[in-house]
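For reference, the chains in residue letters:
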Amino acid sequence: METMKSMSRAVGAGEPRGNRMSHMMSANEGPMDIIAKVSGHVKNGIREDDGPYFTNNEGIPLPDPEHSKTIGGIPIASDVHLFQKQQHFNRSKLAERAVHPCGSGAFGYFETTADVSDMTKADFLQHVGAKTPIFMRFSTVTLGREFPDEARNPRGFAIKFYTGEGNYDIVGLNFPVFFCRDPIQGPDVIRSQARNPKNFFLDYDATFDLLGATPEGNHAGLMFFSDHGTPDGWINEHGYGCHAFKWVNKKGEFVYIKYHFLAKHGQKQLTEPEAIRISGENPDYSKMQLWDAIEAGEEVEWTAKVQIMKPEEADAEKLGFDPFDVTKVWPRKEFPMHEFGKLVLNKNPENYHRDVEQAAFSPGSMVPGIEDSPDPLLQFRMFFYRDAQYHRIGMILRL
Ligand code: HEM
């Protein structure tokens, strides 16, 4: 009886059904159409449900969003709305990323600014001036989702390009090098920077223990303990693809490349005391910096460059170092930088859970014209990121 009465005063009852149309209108669009809207590439692209009343997951108006169906005040099992609302809530927080849980991101575009079609057949790199929608996520590595985002740590620098030939991910860092070169040491590296399993305290002894026993990790270790470990927010840092990749052209010829993304206004970094003060004052400093810049209409920009190595040059004996070892950089004198594009961020997410938490980047997601190099860490990362995401998000990923 109570329910029948509430039905007649359901919020939004009697509203024209057309109000709900925006919710489902793009159900048959392909991923490119949808992301072009989400990224702000195409106008009127708001994807959020902005209906004037509450609905259940099927889009049916809730009879009474503030009261459950009861018999003598006791909620009953046939109240499908009550059950669905609670079940939805129970599942509304994903497991944190095992690594890089604290982060935020934004949409924008990549613009090709130089002709590199002789080196790669990737369709989004064929024409100067071509723009490709992107989503980027920035993060700290080993600290928890709610930890201050200005704390000492490397920064994740992940880019998803929504190209005409599928989604291409570059899953990089603000360091050009990593702490280990053999994937079997990966979990040890991360654990050495994570909390002590005995008492859950931060434990720099473990970090130094690993660095002391892993000489190849000391380049990244020095960056970690320098001001590179405390960049001034997400927007004042450079980004690197770190690994070597292959660019392959239409004739099947290839070169090896390394990606560099240089912050438009240069790198800015904080000192240890500045970073500690900011972490205490505003744990969301880096996330807010990006958000506020975009809300203020600023375009946040990086210049994209590559170092290029011909296959015949990729000889460890001649070079004196293994070019596929991710603990090494390629000397810029011998392998100069070539500009090929720019990354521009200009649209904030509409829904953090949908757009940022559910974003799933994988070094294995490459498009025709871009391939892996024989870097052993890259090879294994190409497999295990999706595995981490099948566990974290389930099989339905926002790719
Ligand atoms: C073997 C060493 C490594 C291990 C075990 C590892 C592990 C992981 C895991 C489990 C995630 C979470 C994936 C998810 O749930 O979405 C992750 C994220 C990430 N990793 Fe690694 N990683 C390693 C090396 C690297 C390297 C070398 C780089 C950079 C070149 C890197 C950059 C990133 C970034 C940027 C993310 C965050 C992506 C996002 O924003 O969602 N990782 N890593």
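Residues numbered from 1 in each chain as written. Predicted model: local features only at pLDDT ≥ 70, side-chain atom pairs only at ≥ 80, totals over all residues. Heavy atoms only, no water.

Mapped onto the secondary structure, Leu 202 falls in the loop between helix H5 (186–192) and helix H6 (204–213). For the pair Leu 202 and Leu 143, spaced 59 residues apart in sequence, the C-alpha separation works out to 9.2 Å. For Leu 202, the contacting residues outside a window of four places in its chain are Leu 143, Phe 147 and Arg 195. (Helix = DSSP H or I, 4+ residues; strand = E, 2+ residues; numbered from the N terminus. Contact = heavy atoms within 4.5 Å.)

Right, let's talk about the layout of surface pockets for a bit. Looking at the second largest pocket, its volume works out to about 1,200 Å³. Among the elements of the structure, strand S4 (131–140), strand S5 (155–163), strand S6 (166–173), H5 and helix H12 (376–392) are those that each provide at least two residues to the lining of the second largest pocket. Per-element accounting of the lining of the second largest pocket gives the leading share, nine residues, to H12. Broken down by class, the residue content of the lining of the second largest pocket amounts to 30 nonpolar, 12 polar and seven charged. (1 Å grid on protein atoms, 1.4 Å probe; cavity = no way out; pocket = protein on both sides within 12 Å on 5 of 7 lines; lining within 4 Å. Points joined across faces, edges and corners; volume = space filled by probe spheres on them. Nonpolar A, V, L, I, M, F, W, Y, C, P; charged D, E, K, R; others polar.)

This part is about the pattern of salt bridges. Within this structure, the stated rule accounts for 18 salt bridges. Note that Glu 357 and Arg 97 form a salt bridge whose closest N and O atoms lie 3.3 Å from each other. Residue Glu 357 is located in helix H11 (residues 352–357), and its partner Arg 97 is located in the loop between helix H4 (80–90) and strand S3 (103–112); the two are separated by 260 residues in the primary sequence. As far as burial versus exposure is concerned, Glu 357 and Arg 97 are alike and both buried. Three or more residues joined by partner-sharing salt bridges are found here, namely Glu 96, Arg 97, Arg 145 and Glu 357. (Salt bridge = Lys/Arg side-chain N within 4 Å of Asp/Glu carboxyl O. Buried < 20%, exposed > 50% of the residue type's maximum accessible area, 1.4 Å probe, protein only.)

Function cannot be inferred from these measures alone, as they are strictly geometric.
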